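# Remarks on the overall topology
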Number of protein chains: 2
Amino acid sequence: MPNDVERADELADFLCFSVYEAGHAFNQLYRELLAELGLTYPQYLVMTLLWRRDDRSVKDLGLKLGLASNTLTPLLKRLESNGLIGRRRDPADERSVRIVLTKAGRDLKARAKIVPERVAEATGLTQAELAELAETLRRLRSTLSERAPG
Amino acid sequence: MPNDVERADELADFLCFSVYEAGHAFNQLYRELLAELGLTYPQYLVMTLLWRRDDRSVKDLGLKLGLASNTLTPLLKRLESNGLIGRRRDPADERSVRIVLTKAGRDLKARAKIVPERVAEATGLTQAELAELAETLRRLRSTLSERAPG
DNA sequence: TGCGATTCAATCGCGCGCGATTTAATTACC
DNA sequence: GGTAATTAAATCGCGCGCGATTGAATCGCA
């Protein structure tokens, strides 16, 4: 990619390539780290949420991850068939499906402990830089998704 | 997502969610902007490269985008069947396939001009901030992909 | 010249993302 | 209480990403 970016629209294209590539790079990194745990990146994100708090609805997971049931249902079925979670209808509201960790799912938390450590290390960034970048992206994402309130 | 991130490994998880979401947000934004052009985000990236310089090999496009033929070949066939590009074997090296813009593909460049403008606008960032963020992500991506030179 | 190694594109299989639709349960309101 | 509107998951279709493999063309080297 050329470095002679000058105008805002070229910068936007440059940023767009950068975000695209950074996403790929993170995906690749997580893929390698998660391979021995038998998890994909999105599956790891779901497990992370469940390790923080168990027994969530599909809806709740979807809100945290920005995903709907069309993505989550198949993903959760894979986690279920891998023995990491259980899925059952909420007796109090049969529309809702509650996701709970199995023992294997809870036990995986300890083995997954090294993942964020390795990621932090691989970025080569200081804690302060990590925090700043994450916050910048978080704000950028807010700005982008507030636009066009469709 | 909680804001009480303190240790580097929690920051890494926080960053990972942020990158994941920022990627989604960009995808979403581009999807809306590109819908009227009949392009997807990766297709737009390919077209952008071809608008900069026409007549590239699949290999070259792949190097620029970090994609291999398993992703590019079907994508390029879609662009071809939409009449935006042509694909032909390089007579000088029959292993290689050259991608060239059709008239419709070249004409689309003018209509696509507003895309990066809208994106720059939607980020709500100044030119300086755009440039800095893009450069940070570019460096992060370099660091991440240089690790483990597999 | 011949033959193994390399390179490039294509193909296969699987797991996301997501717009759109469907089905079932619950809520709101008359 | 009955019906319409809403809500939650599931399903369908398609387009990426990507590890792995295949097949054809080219290169390297004796």
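Residues numbered from 1 in each chain as written. Chains lettered and ligands numbered in written order. Predicted model: local features only at pLDDT ≥ 70, side-chain atom pairs only at ≥ 80, totals over all residues. Heavy atoms only, no water.

### Remarks on a negative patch on the surface
Convention followed: Like-charged residues are merged into a patch within 9 Å and nonpolar side chains (Val, Leu, Ile, Met, Phe, Trp, Tyr) within 5 Å, provided each residue has over 30% relative accessible area and no salt bridge. Here the Shrake-Rupley method, with its probe set to 1.4 Å, supplies the accessible areas, and only the displayed protein chains count as covering residues. In the sections that follow, a salt bridge refers to a side-chain nitrogen of Lys or Arg positioned within 4 Å of a carboxyl oxygen of Asp or Glu. Under the counting rule used here, the positive set is Lys and Arg, the negative set is Asp and Glu, and His together with the chain ends is not counted. To locate a charge, take atom NZ for lysine, CZ for arginine, CG for aspartate or CD for glutamate. Numbered from the N terminus, helices here are DSSP runs of H or I no shorter than four residues, and strands are runs of E no shorter than two. Whether a residue is buried, partly exposed or exposed follows from its accessible area with a 1.4 Å probe, protein chains only, as a fraction of its type maximum: under 20%, in between, or over 50%, in that order.
On the surface, Glu129 and Glu132 of chain A together with Glu129 and Glu132 of chain B cluster together into a negatively charged patch. Listing elements by their share of the negative patch, those giving two or more residues are helix H7 (127-146) of chain A together with helix H7 (127-146) of chain B. Residue glutamate 132 of chain B is classed as exposed on the basis of its relative accessible area, which comes to 51%.

### Structural notes on empty space enclosed by the protein
Heads up, the condition is: Only protein atoms enter the 1 Å grid used here, on which a cavity is any set of points holding a 1.4 Å probe that cannot leave and a pocket is any open set flanked by protein within 12 Å on both sides along at least five of seven lines; residues with an atom within 4 Å of a point are listed as lining. Grid points are joined across faces, edges and corners, and a volume is the space filled by probe spheres set on the points. Any residue that is not Ala, Val, Leu, Ile, Met, Phe, Trp, Tyr, Cys, Pro, Asp, Glu, Lys or Arg is counted as polar, Gly included; the first ten are nonpolar and the last four charged.
Per the stated rule, a full pass over the model turns up 1 cavity of 30 Å³ or more. Put simply, the largest cavity is a space of about 40 Å³. Around the largest cavity sit Val19, Ala22 and Leu137 of chain A together with Val19, Ala22 and Leu137 of chain B, which together line it. Residue assignment for the lining of the largest cavity shows that the elements contributing at least two residues are helix H1 (8-35) of chain A together with helix H1 (8-35) of chain B. Per-class residue counts for the lining of the largest cavity are 6 nonpolar, no polar and no charged.

### Regarding the domain arrangement of chain A
It is common to give the size of an interface as the accessible area that goes away when the parts come together. All names here are of chain A. Quick note on the threshold: Bear in mind that the domain bounds are from an automatic or database domain assignment. The criterion used for residue contact is that any of the two residues' heavy atoms lie within 4.5 Å. Note on terms: buried area is the combined drop in 1.4 Å-probe accessible area of two parts once they are placed together, counting the loss on both.
In terms of domain boundaries, chain A breaks down into domain 1 (1-35), domain 2 (39-107) and domain 3 (113-150). Spacing between the C-alpha centres of domain 1 and domain 2 amounts to 30 Å. Between domain 1 and domain 2, the residue contacts involve 4 residues of the former and 4 residues of the latter. Across the domain 1/domain 2 interface, buried area totals approximately 430 Å², and carbon plus sulfur atoms make up 71% of it. Contact with domain 2 buries surface across domain 1, with Asn27, Tyr30 and Leu34 losing the most and accounting together for 88% of the total. For the pair domain 1 and domain 2, the interface holds 0 salt bridges.

### Some remarks on the pattern of salt bridges
On inspection of all chains with the given rule, the structure shows 18 salt bridges over all chains. A salt bridge links aspartate 60 of chain A to arginine 53 of chain A, with the shortest nitrogen-to-oxygen separation between them at 3.4 Å. Looking at arginine 53 of chain A, the relative accessible area reads 42%, which means it is partly exposed. Each of Glu21 of chain A together with Arg138 and Arg141 of chain B takes part in one network of salt bridges that share partners.

### So, the sheet that holds strand S3 (residues 93-101) of chain A
Residue and element names in this part refer to chain A. So the rule is basically this: In this scheme, strands are said to pair when DSSP sees at least two bridges between them. Here, axes are lines fitted to C-alpha atoms. For helices the fit covers the stretch in contact, and angles between N-to-C directions go from 0 to 180 degrees.
Across the sheet, which stays open at both edges, the 3 strands sit in the order S1-S3-S2 with antiparallel pairing between neighbours. The strands lining the two open edges of the sheet, one partner per strand, are strand S1 (56-57) and strand S2 (85-90). Where S1 lies against S3, 2 bridges are found, and the strand directions are antiparallel. The partner of arginine 56 across the bridge, within S3, is isoleucine 99. Along the sheet, helix H4 (residues 69-81) makes contact with S2 and S3, crossing S2 at roughly 125 degrees.

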